[in-house]
Amino acid sequence: MQLLCTLDTLPEDTSKGFQLDDISLFAVNKQGQIHVYLNLCPHRGVPLEWKPHQFLDLEKNFIQCATHGALFSIDNGECIAGPCPGEMLTSISSTVKNGQVWVTLP
Ligand code: FES
């Protein structure tokens, strides 16, 4: 496991991008639950964010790809609207311990 960040740097309803061992990934804090995915859109294999650390739609209900606007469930990474319905973001296993977020990279 590798340390990704401390929880206090990832407030509720925000997202944050990271580079770990040359792997680009991001984390979302949705109502205190942390979800981590590879930063790769399953539609075209490009990074997802609009601006640095900005992976969510305006209402902060979904992860949204900046290139063609696909919307993904924050909970499981499934594309629910846009050009790749049913395709999945690659989930990264994560654990929160003592206020720190740890990940297991593939
Ligand atoms: S590259 Fe993400 S929706 Fe097309």
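Heads up: the structure comes first, above all this text.
Small disclaimer: the values here were computed from a predicted structure and weren't measured.

Re the side chain of His35
Its place among the elements puts His35 in strand β4 (residues 33-38). Exposure remark for His35: the relative accessible area of 13% places this residue in the buried category. For His35, the side chain forms a polar contact with the main-chain oxygen of Ile74, separated by 3.4 Å. Other than its neighbours up to four places away in sequence, His35 contacts Phe26, Ala27, Val28, Lys30, Ile74 and Asp75.

Things to note about the pattern of salt bridges
Evaluation of the coordinates by the stated rule reveals one salt bridge. Among the salt bridges present, the one from Asp75 reaches Lys30, with a minimum N-O distance of 3.3 Å. Linking Asp75 in the loop between β6 (71-73) and β7 (79-81) with Lys30 in strand β3 (residues 23-30), this pair joins segments that are 45 residues apart in sequence. Judged by its relative accessible area of 48%, Asp75 falls in the partly exposed class.

Conventions used here
Residues numbered from 1 in each chain as written. Predicted model: local features only at pLDDT ≥ 70, side-chain atom pairs only at ≥ 80, totals over all residues. Heavy atoms only, no water. Helix = DSSP H or I, 4+ residues; strand = E, 2+ residues; numbered from the N terminus. Buried < 20%, exposed > 50% of the residue type's maximum accessible area, 1.4 Å probe, protein only. Polar contact = N/O pair within 3.5 Å; in protein donor to acceptor, adjacent residues only side chain to side chain. Contact = heavy atoms within 4.5 Å. Salt bridge = Lys/Arg side-chain N within 4 Å of Asp/Glu carboxyl O.

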